[in-house]
Amino acid sequence: MDTNSWISILGFIATVVLAFTVGVSYGGIVRKITARIQNRVGPPVYQNFFDIFKLYSKSTAVNHGWMQHLGPAFAITASVTSLMFIPVLNGQGEFWFANLNFKGDLIFLLYMMVFGSLGMALGAGQTGNPNSAIGVSRGLSQMVGYEIPWVLALVALMLQTKSTSITGIMDYQIAHGTWMMFESPLAFIAALMAMLGMFHYAPFDVTFAPAELSSGPASEFGGKYLAMMMTSGSIFAFVKLALFVDIFMGGASNLIMLVVKTFLLYMVPVLYGIVSPRYRTEQSIRYFWGWPTLIGVLGVLYVVFVR
Amino acid sequence: MPNDKNSQKIVDIIKNAARKHSLFVLAYGTGCGAIEIPPTMTSRYDAERFGIRGMATPRQADVLLVTGYLATKTLKRVIRAYEQMQDPKYVIGFGSCTINGGMYWDSYNTIKLLDKYIPVDVYINGCMPRPEAVITGFIELQKLIAEGKADGATKYKENLDWYRANQKKVIKNWNMPDYNW
Ligand code: SF4
């Protein structure tokens, strides 16, 4: 292999390490913030690293068959693969850690981001735990809910920038000197509301609901399987945040900007979640098919007729 | 785990440090002492400071917290839950009832010494122990874990016959599946 491919492989590894570190630290910070809002001291911010390390060092992990074995592997594969399509930083006109990019990768990403949940659904289905089955059906119904405003928002962006690749949208923002969240505010609002569901924080935590479903799909996954799920969840949180920053907030030119932007964005679902109780499944779906979808449709019409 | 020189390997020291700081608790709260668990976990005493966190299912948990008396009927469920947990796992006996039967000493359908049925690592006495005592018990468990001495699960595997015999003595209708834990 020549030097260029080695550099890009190093880039992949660096991206995964970065996503893991940022994702897990954010998880710890969220626990700390939750604790402070509930007037507690809270765990240290590095608590999630301990948790994941401890789960990886558990000496047994029971499994119920090969599909359950593959479920968390699917989840982690989907997270890492979607990460590969997200340009993490943009330098002056060029993209660092751009990793894999091609025309239409935004559409590919739409499918890839669902793949992990579907893999988990198959894995959880084999455990035979009734809580998992309920959790999976709830999760998939909720996904049908928030995918609609999310796709509408992306369609608005694609129409406006005449590009179906993430780098294309970033180039558009750099060329016009604005952010898509100001260029296409309705699409941004619709996507932001869809994001509330994507992160599974309250009031949309119907899938994992620990009090009623004993953590739903994850209920039969212990030890290393749970560790893999937590790892993939942390990476995936970073993927979603970085994607939002890239397509709506003009990307980030250095790591500090990236952390600031993703963190501010992350606080939207987190703070909304801390002060909310849980919706029922049908309430949550009705929520997504109400205002967010309407705003998404308006966003598309705005792009088509006004722009 | 300590080796034959009674000292831990470096790998174990690191692993045990992580285990000690991250205890996922499955609270088996059928005894009246369970009323002290909510204040321990919530704002007033905040056990999450020490990395102690409630978990919803046995598969995900490290610590089984048995709060108080166990009827022979519930003992069966506790054994099932305990055997579903993944190694390394620990048990905390909570309240006098798990130590000697407490005020249920002469009851016909509760067990007296929990340690005869599942291996207990730490006892917290009191009827009922206050949240401070509960947290002290957890810190005692953390110390044992750091020293590699919280090896109840290994003891259980080694003396499985003895534990099974004791369990079957009190549970008359023993029809439990075999677990490969
Ligand atoms: S020790 Fe006391 S408080 Fe605890 S279960 Fe027994 S009787 Fe109840």
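Bear in mind the structure is a predicted one, so any value in this text is a computation, not a measurement.

Caption draft 1: Spatial organisation of the overall build of chain A. Assigned secondary structure in chain A consists of 13 helices and two strands. Considering only C-alpha atoms, chain A reaches an extent of 55 × 50 × 40 Å along its principal axes. Buried positions account for 56% of the 307 residues belonging to chain A. Considering only intrachain contacts with a sequence separation of at least 6, the fraction spanning at least 24 residues in chain A is 79%. Each charge class in chain A was averaged separately, 16 positive and 12 negative side chains, and the resulting centres sit 10 Å apart.

Caption draft 2: Region of the structure containing the overall build of chain B. The secondary structure content of chain B amounts to seven helices and five strands. Reported as C-alpha extents along the three principal axes, the dimensions of chain B are approximately 45 × 40 × 25 Å. Each of the 181 residues in chain B was classed as buried or not, and the buried ones make up 51%. Here the analysis covers contacts within chain B between residues at least 6 apart in sequence; of these, 77% occur between residues at least 24 apart.

Caption draft 3: Here's a closer look at the environment of Val17(A). As for its position among the elements, Val17(A) is in helix α1 (residues 3-37). In sequence terms Val17(A) and Ile235(A) are 218 residues apart; their C-alpha atoms lie 9.1 Å from each other.

Caption draft 4: Structural detail: the sheet that holds strand β3 (residues 63-67) of chain B. All names here are of chain B. Strand order in this open sheet of five strands is β2-β1-β3-β4-β5, and the pairing throughout is parallel. Every other strand in the sheet has two partners, leaving β2 (52-54) and β5 (122-124) as the edge strands with one partner each. Within the sheet, the average angular offset between the axes of one strand and its neighbour, ignoring direction, is 30°. In the sheet, strand β1 (residues 23-28) pairs with β2 via three bridges, with the strands oriented parallel. Looking at the pairing, Val25 lines up with Gly54 of β2.

Caption draft 5: Fine view of the nonpolar core. Core analysis: the largest hydrophobic core is formed by 67 residues, its most contacted members being Trp150(A), Phe238(A), Leu243(A), Ile247(A), Phe248(A) and Leu265(A). A per-element tally of this core places helix α10 (residues 223-248) of chain A first, with 12 residues. Excluding anything up to four places from it in sequence, Leu265(A) contacts Leu192(A), Met195(A), Leu241(A), Phe244(A), Val245(A) and Met249(A). Ranked by size, the runner-up nonpolar core spans 37 residues in total, among them Phe221(A), Leu70(B), Ile111(B) and Tyr117(B).

Caption draft 6: How the structure looks around unusual backbone geometry. For the bond running from Asp87(B) to Pro88(B), omega is -15°, close enough to zero to count as cis. Mapping Pro88(B) onto the fold places it in the loop between α3 (72-84) and β4 (90-94). A cis geometry characterises the amide bond from Cys127(B) onward to Met128(B), with omega recorded as -5°. As for its placement among the helices and strands, Met128(B) is situated in the loop between β5 and α5 (131-146). Unlike most non-glycine residues, His200(A) shows phi in positive territory, near 60°. The partly exposed category is assigned to His200(A), whose relative accessible area is 23%. Even without a glycine there, the phi angle at Asp46(B) is positive, about 45°.

Caption draft 7: Focus on the interface of chain A and chain B. If you look at the interface, chain A gives 31 residues, while chain B gives 27 residues. Summing both partners gives a buried area of about 2,400 Å² for chain A against chain B, and 52% of it is carried by carbon and sulfur. Between the two partners, chain A and chain B, sit seven salt bridges. Counting the contacts that link chain A with chain B gives 19 residue pairs in polar contact (both at pLDDT 80 or more). Within the residue set of the side of chain A that touches chain B, elements represented by two or more residues are α2 (47-56) and α10 of chain A. Among the elements that take part in the side of chain A that touches chain B, α2(A) stands out by supplying six residues, more than any other. Classifying every residue of the side of chain A that touches chain B gives 12 nonpolar, 13 polar and six charged.

Caption draft 8: Region of the structure containing the packing of helix α4 (residues 105-127) of chain A against helix α5 (residues 130-161) of chain A. Residues and elements named next belong to chain A. Between α4 and α5, the shortest axis-to-axis distance is 11 Å and the interhelical angle comes to 180°. It follows from the interaxial angle that α4 and α5 lie roughly antiparallel. Only Ser132, Val136, Leu140, Met143, Glu147, Trp150, Val151, Leu154 and Met158 of α5 make contact with α4, whose side of the interface consists of Leu106, Ile107, Leu110, Val114, Ser117, Leu118, Ala121, Ala124 and Thr127. Taken together, the residues that form the contact of α4 with α5 break down as 14 nonpolar, three polar and one charged.

Caption draft 9: How the structure looks around the site of the ligand. Every residue close to the ligand is listed here: Cys32(B), Gly33(B), Gly68(B), Tyr69(B), Gly95(B), Ser96(B), Cys97(B), Met103(B), Tyr104(B), Gly126(B), Cys127(B) and Met128(B). Partitioned by chemical class, the residues of the shell around the ligand number seven nonpolar, five polar and no charged.

Reading guide: rules and limits
Throughout, a residue's number is its position along its own chain's written sequence, starting from 1. Ligands are numbered from 1 and chains lettered from A, in the order in which they are written. Given that this is a predicted model, residues contribute local features only at a pLDDT of at least 70 and side-chain atom pairs are listed and counted only at 80 or more, while totals for whole chains, interfaces and linings are drawn from all residues. Derived side-chain values reflect all non-hydrogen atoms in the structure, with water molecules and hydrogen atoms excluded from consideration. A run of H or I in DSSP becomes a helix once it reaches four residues, and a run of E becomes a strand once it reaches two; helices and strands are each numbered from the N terminus. Exposure classes here rest on a 1.4 Å probe applied to the protein chains alone. A residue is buried below 20% of its type maximum, exposed above 50%, and partly exposed in between. For this analysis, residues touch if any pair of their heavy atoms sits within 4.5 Å. Working convention for charge: Lys and Arg count positive, Asp and Glu count negative, and His plus the chain ends are omitted. By convention, charge coordinates are those of NZ in Lys, CZ in Arg, CG in Asp, or CD in Glu. For two strands to count as paired, DSSP must find a minimum of two bridges between them. Axes here refer to lines fitted to C-alpha atoms; in helices the fit is confined to the stretch in contact. Angles between the N-to-C directions go from 0 to 180 degrees. Each nonpolar core is a collection of buried residues, namely Ala, Val, Leu, Ile, Met, Phe, Trp, Tyr and Cys, held together in the definition by side-chain atoms within 4.5 Å. Defined in terms of a 1.4 Å probe, buried area is the accessible area two parts forfeit on being brought together, summed over both. Any Lys or Arg side-chain nitrogen found within 4 Å of a carboxyl oxygen on Asp or Glu counts as a salt bridge. Here a polar contact means two N or O atoms within 3.5 Å. Within protein one must be a hydrogen donor candidate and the other an acceptor candidate, and residues neighboring in sequence count only if both atoms are side-chain atoms. Note on residue classes: Ala, Val, Leu, Ile, Met, Phe, Trp, Tyr, Cys and Pro are nonpolar, Asp, Glu, Lys and Arg are charged, and everything else, Gly too, is polar. With respect to orientation, any angle under 35 degrees is reported as roughly parallel, any angle over 145 as roughly antiparallel, any angle of 65 to 115 as roughly perpendicular, and every other angle as oblique. Here a residue is considered near a molecule or strand provided that any single heavy atom belonging to it is located within 4 Å of it.

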